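Structural features, examined
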Amino acid sequence: MNNSAENEYAVEVSRLTVAYDSKPVLSNVDLELPRGMLTAVMGPNGAGKTTLIKAMLGLIPTVNGKISFPEIKGKKPCIGYVPQSESADWDFPVSVLDVVTMGCYGRLGWIKRPRREDREFAMECLKKTGMEDYADRQISRLSGGQQQRTFLARALAQKADIYLMDEPFKGVDNATERSIIDLLKELRSEGKTVVAVHHDLSTVSDYFDWVTLINIKVVASGEVRKVFTDENLTRTYRAANVGNFI
Amino acid sequence: MTVFKDYTFIVVALGCLALGGISGVIGSFAVLRKQSLLGDGVSHAALPGVVAAFLLTGIKNTAVLLAGALFSGLTAALLISFTVKKTKVRFDAALATVMSSFFGLGTVLLTCAQKLPDATQAGLSAFIYGQASAMLKSDVLLILVCSGFLLLGVILFWKEFKVFSFDPEFAVQSGYPEKPLSLVLSLMTVITVILGIQTVGVVLMSAMLIAPAAAARQWSDRLSVMVVLAALFGGASGVLGAYASAVGEGLPTGPAIVVVSGLTVAASVLFAPKRGVISRIMKRKMNRLRLTVSFGGESKDNEGRGNN
Amino acid sequence: MSASLEIQLIAAFTAAACAIPGVFLLLRKMSMVSDSITHTILLGIVLAFFAVNDLSSPFLLIGAAAMGPITVWLTELLSKTRTVSEDAATGIVFPLLFSAAVILITKYAGTAHLDTDSVLLGELAFAPFDRMVIFGFDLGAKGLYVSGSLLLINIVFTAVFYKELQVVSFDPVLAAVMGFSPVILHYSLMTVASLTAVGAFEAVGSVLVTAFMIAPAASAYLITENLKKMLFIAVGIGLLSGLLGYHTAVLLDVSIAGCMACWTGVFFGGAVVWNLVLRKRKSGVKR
């Protein structure tokens, strides 16, 4: 492992293997994802993309392998998580502002309550995603795109260094998509790292710098212009790969 | 083995057999529709009906009390259904709310009944714990007849129930009438619960509906096989429980049946091929072996670093 | 303090104390767990009794309270095998444990009088007769101190860990990522709920604890879209149900706990109607 002063990689994955019962979902994954760049994780259904994100968050048991987030200026990086909007309980009695304020909880630690400056900071994050008018609205009254932007604002409130996103553009309208990608590019200019599970092949070259093609195993990972080739795409999306892991 | 020649035992065992069997069958649909605890709810909600029937008619006849139970059980089921459909309150919360307030009403009525000259406290105990050992031939006859009708209903509506239980959205899209079907299934569940309360009582009724079906599910993915197995498991639990109660002095029947049922579930969950826990653990171990062998390296049995 | 006032306070405190954990149980889709743990309390009592062989030992209540988290753990163990669904697991585990308790009682506790009826039903009317006597001073009904302490514990627990409970109930993944262990919070909540159930069952019996935990929470759920308000409203409905329940019961000469539970049901019915009327009016205005 590279122990230089400022590690150029934000996420390092080595020999990661995850299996549900007897079926492998990720097999011997080796990855080094660059800091300060927008990385897309792509692959067919069941290829293990969401599993990779969840493994990075430490949420699922693994058969083998190690995931590490090299320190930034001697400190452990903060990981922000933007889930798919279907995974949330939208009838929960919280407002948009409440949800975003939750992003500050990690910094507060146990027992300490959110202060006024935390709530003000949450409003700032809402402004960045264009949701400030919805601050007091209960979350079930939002459209899909608005829900996505709420979660994004929450990750911003976490003051994360690394943003892990699960299909941030799924089910959002074009205007929302543009505003999200603008925000991501702004994050990049601040030196933040974004790793997003992405589904739309046509937008990869415009939106992302780095792409990781996965189909249970890593097919290819690197700069978009080098890796995003027809040959690699065929290898990734070819159905025969699934299950053929030995 | 003289117990087998005992008339009372035969009556009780037959009743438990029938109840266990039909609970398994109807319970299969409840479990598949993720409404397992409906049995628990309906059995508690039946109390006000039972007491009201007694208060209104002055008769302590089983059929009358059961009719009262049926009425209040069905009302509760309808209220729950309505709440879930029309508000954001979910099934489990609606169930808990309706069943406990109904039970509260039942205890109020009970204290009314206790003030009457010929009322006895024993009624409530029997309701809560069941009184299988006090089953009469007439009770068993009622159970057999009702079970017969329920079984007939299941056979007649087999196709509809099957689709509706596995994939209600598809059923609606395919034109199956959702409301009547749901109503019929709920009605059948309520009837089964009311019948079963006599054997195992209110608290344990949910296990009667769920356990045989849950056990059966481990052995087959096909509904027909599952339902038949559930009937067998339920019936067997009933008989074995009745037998254990007969030979073990003072062992109450309801709990005995539930324990047997529970053991069936445990055995099925552990030992069933494919779905069973032991089978899956063995498969997983074999696969890890293959994975590590093929990569020629050490395998760390890393059971995860995060909360799950 | 008159017996009547004592009973009313116990009723009100008990209902209010139950409403608080009930809100979180409802939001976490664990409403029926309240029913589950109130039934398995019996097994905890029985096992503790076998350990100490003393019916008045406080160890009995500890055993009872411990049974709650244990029941939840066993239920989750079963559902984690992914062979049965969560609701099915609930409906198998608690009857099994309850059956074990009943069998143990009838077979082995024959001499000791464990009144299972009063476990299930409780009786508030007798509460004033059980006094709290310290150094010869009659400090009031014991039930008053029990229910008062429960209310205090719940208020303190919820106030101190409000944001943790909120985030863990809404998004356990985020909570885990931020370092708030969902497992610790989950079992802490279960322990508090279990403690509350044990304290409450003496007054109102097992089954009705569910009424005081879930029904006010469900009503509040329909009335407000804010978690803090939901807690306050649920407690308010609990208090009201306690007081109204007492007075109606005295009027009709029936079970106090039963009346209280009926009132929680009435409030829920009202909340449903309110919610439907409000929605109809809103959709009318939109047109």
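As the structure is a computational prediction, the values presented were derived from the model and not from experiment. Each chain carries its own residue numbering, running from 1 in the written order of its sequence. Chains carry letters from A onward and ligands carry numbers from 1 onward, assigned in written order. In view of the model being predicted, local features appear only for residues whose pLDDT reaches at least 70, and side-chain atom pairs are presented and counted only at 80 or more, with totals across whole chains, interfaces and linings using the full set of residues. By convention in this description, side-chain values take in all heavy atoms of the structure and omit both hydrogens and water.

Our next topic: the environment of Gly191(A). Residues and elements named next belong to chain A. Secondary structure elements are defined from DSSP: runs of H or I of at least 4 residues count as helices, runs of E of at least 2 residues count as strands, and each element is numbered from the N terminus. With respect to the helices and strands, the residue Gly191 is situated in the loop between helix H6 (174-189) and strand E7 (193-197). Each residue gets one of three labels from its accessible area relative to the maximum for its type: buried under 20%, exposed over 50%, partly exposed in between, using a 1.4 Å probe on protein chains only. Of the residues examined, Gly191 reaches a relative accessible area of 40% and is grouped as partly exposed. A sequence separation of 154 residues divides Gly191 from Met37, and the C-alpha atoms of the two residues are 7.7 Å apart. Those residues in contact with Gly191, other than ones at most four positions away along the chain, are Arg35 and Gly36. By the convention used here, residues are in contact when the closest approach between their heavy atoms is within 4.5 Å.

To continue, consider the packing of aromatic side chains. When the centres of two rings from Phe, Tyr and Trp lie within 6.5 Å, Trp using its six-membered ring, the rings pair. Their planes under 30 degrees apart give stacked, over 60 give edge-to-face, and anything left gives tilted. One pass over the full model with this rule turns up 12 aromatic pairs over all chains. Ring geometry for Trp110(A) and Phe180(C): centres 5.4 Å apart, planes at 80°, overall edge-to-face. In this pair, Trp110(A) is assigned in the loop between helix H3 (105-108) and helix H4 (116-128) and Phe180(C) in the loop between helix H8 (172-177) and helix H9 (182-204), connecting two distinct chains. When the ring of Phe169(A) is compared with that of Tyr207(A), the centres are 5.3 Å apart and the planes differ by 40°; the resulting orientation is tilted. With Phe169(A) in the loop between strand E6 (162-166) and H6 and Tyr207(A) in helix H7 (residues 204-207), the pair connects residues that are 38 residues apart, well separated along the chain. What makes Tyr207(A) buried here is its relative accessible area of 6%. Following the ring pairs from residue to residue traces out a cluster consisting of Trp110(A), Phe157(C), Phe161(C) and Phe180(C).

Residue and element names in this part refer to chain A. By this definition, two strands are paired if DSSP reports at least two bridges between them. Reading across from one edge, E5-E6-E7-E3-E8-E9 is the order of the 6 strands in this open sheet, with mixed pairing throughout. With one partner strand each, in any of the chains shown, strand E5 (79-82) and strand E9 (217-223) form the two edges of the open sheet. The average angle at which neighbouring strand axes cross in this sheet is 15°, direction not considered. Bridging between strand E8 (residues 210-215) and E9 involves 6 bridges; their strand directions are antiparallel. Opposite Leu213, over in E9, you have Ala220 as the bridge partner. Interaxial angles span 0 to 180 degrees and are taken between N-to-C directions of axes, which are lines fitted to C-alpha atoms, for helices over the stretch in contact. Set on the sheet, helix H5 (residues 144-157) makes contact with E5 and E6; between it and E5 the angle comes to about 175°. The strands that H6 touches are strand E3 (38-42), E6 and E7; relative to E3, the one it contacts most, it runs at about 125°.

One widely used convention gives an interface's size as the accessible area the parts lose upon coming together. Facing the 61 residues of chain C at the interface are 59 residues of chain B. Here the quantity called buried area is the accessible surface, traced with a 1.4 Å probe, that two parts lose on coming together, added over both. A per-residue breakdown of the area chain C buries against chain B is headed by Met32(C), Thr83(C) and Tyr221(C), which together make up 13% of the total. A pair is scored as a salt bridge if a Lys or Arg side-chain nitrogen falls within 4 Å of a carboxyl oxygen belonging to Asp or Glu. The interface formed by chain C and chain B contains 0 salt bridges. In protein, a polar contact means a hydrogen-donor-capable atom and an acceptor-capable atom, both N or O and within 3.5 Å, with residues adjacent in sequence counting only if both atoms are side-chain atoms; elsewhere, any N or O pair within 3.5 Å suffices. Taken together, the connections running from chain C to chain B amount to 10 residue pairs in polar contact (both at pLDDT 80 or more). Secondary structure elements with two or more residues in the side of chain C that touches chain B: helix H2 (31-52), helix H3 (59-80), helix H4 (86-108), helix H5 (116-121), H9, helix H10 (206-223) and helix H12 (256-286) of chain C. Considering each element in turn, the side of chain C that touches chain B owes the most residues, 14 residues, to H4(C).

Looking now at the pairing of E6(A). Every regular strand shows the same layout, with side chains that alternate between the two sheet faces. Residues and elements named next belong to chain A. With respect to burial, E6 is a largely interior element, 5 of its 5 residues being buried. Side-chain alternation along E6 places Ile162, Leu164 and Asp166 on one buried face and Tyr163 and Met165 on a second face that is also buried. Pairing geometry for E6 and E7, over 5 bridges, is parallel. Paired with Asp166 across the two strands is Val197, which belongs to E7.

The next thing to look at is the nonpolar core. Working definition of a nonpolar core: buried Ala, Val, Leu, Ile, Met, Phe, Trp, Tyr and Cys residues. They are joined through side-chain atoms within 4.5 Å. Counting residues in hydrophobic clusters, the biggest one holds 235 residues, and the most contacted among them are Leu184(A), Val211(A) and Leu26(C). If one sorts the elements of this core by residue count, helix H10 (residues 178-217) of chain B sits on top with 22 residues. Not counting the four nearest positions on each side in its chain, Leu184(A) is found in contact with Leu38(A), Met165(A), Phe169(A) and Val194(A). Among the nonpolar cores identified, the runner-up in size contains 29 residues, and Leu31(A), Leu52(A), Met56(A) and Trp210(A) belong to it.

Contact with chain C, which involves 28 residues of that partner, is made by 29 residues of chain A. When chain C packs against chain A, the two sides together hide about 2600 Å² of surface, and 65% of this comes from carbon and sulfur. When the buried area of chain C at its contact with chain A is split by residue, Lys163(C), Phe170(C) and Glu225(C) rank highest and sum to 29% of it. Inspection of the chain C/chain A interface yields 3 salt bridges. The shortest N-O distance in the salt bridge between Lys29(C) and Asp89(A) comes to 3.8 Å.

Our next topic: helix H11 (residues 227-252) of chain C. Residue and element names in this part refer to chain C. Here the expected span of a helix is defined as 1.5 Å times the quantity of residues minus one. In this model H11 runs 36 Å from its N-terminal to its C-terminal C-alpha over 26 residues, within 8% of the 38 Å that 1.5 Å per residue would give. Listing the buried residues of H11 in full gives Leu227, Met230, Leu231, Ala234, Val235, Ile237, Gly238, Ser241, Gly242, Gly245, Tyr246 and Ala249. At the exit of H11 stands Asp253, carrying a positive phi of roughly 60°.

Another aspect to go through is the pairing of E3(A). Residues and elements named next belong to chain A. Most of E3 sits out of view: 5 of its 5 residues are buried. Burial along E3 is two-sided: the residues Leu38, Ala40 and Met42 and Thr39 and Val41 are all buried. As defined by bridge partners, E3 adjoins E7 across 4 bridges and the pair is classed as parallel. Along E7, the bridge assignment pairs Thr39 with Val195. The sheet contact formed by E3 and E8 spans 4 bridges and is parallel. Note on E8: the bridge partner recorded for Ala40 is Val211.

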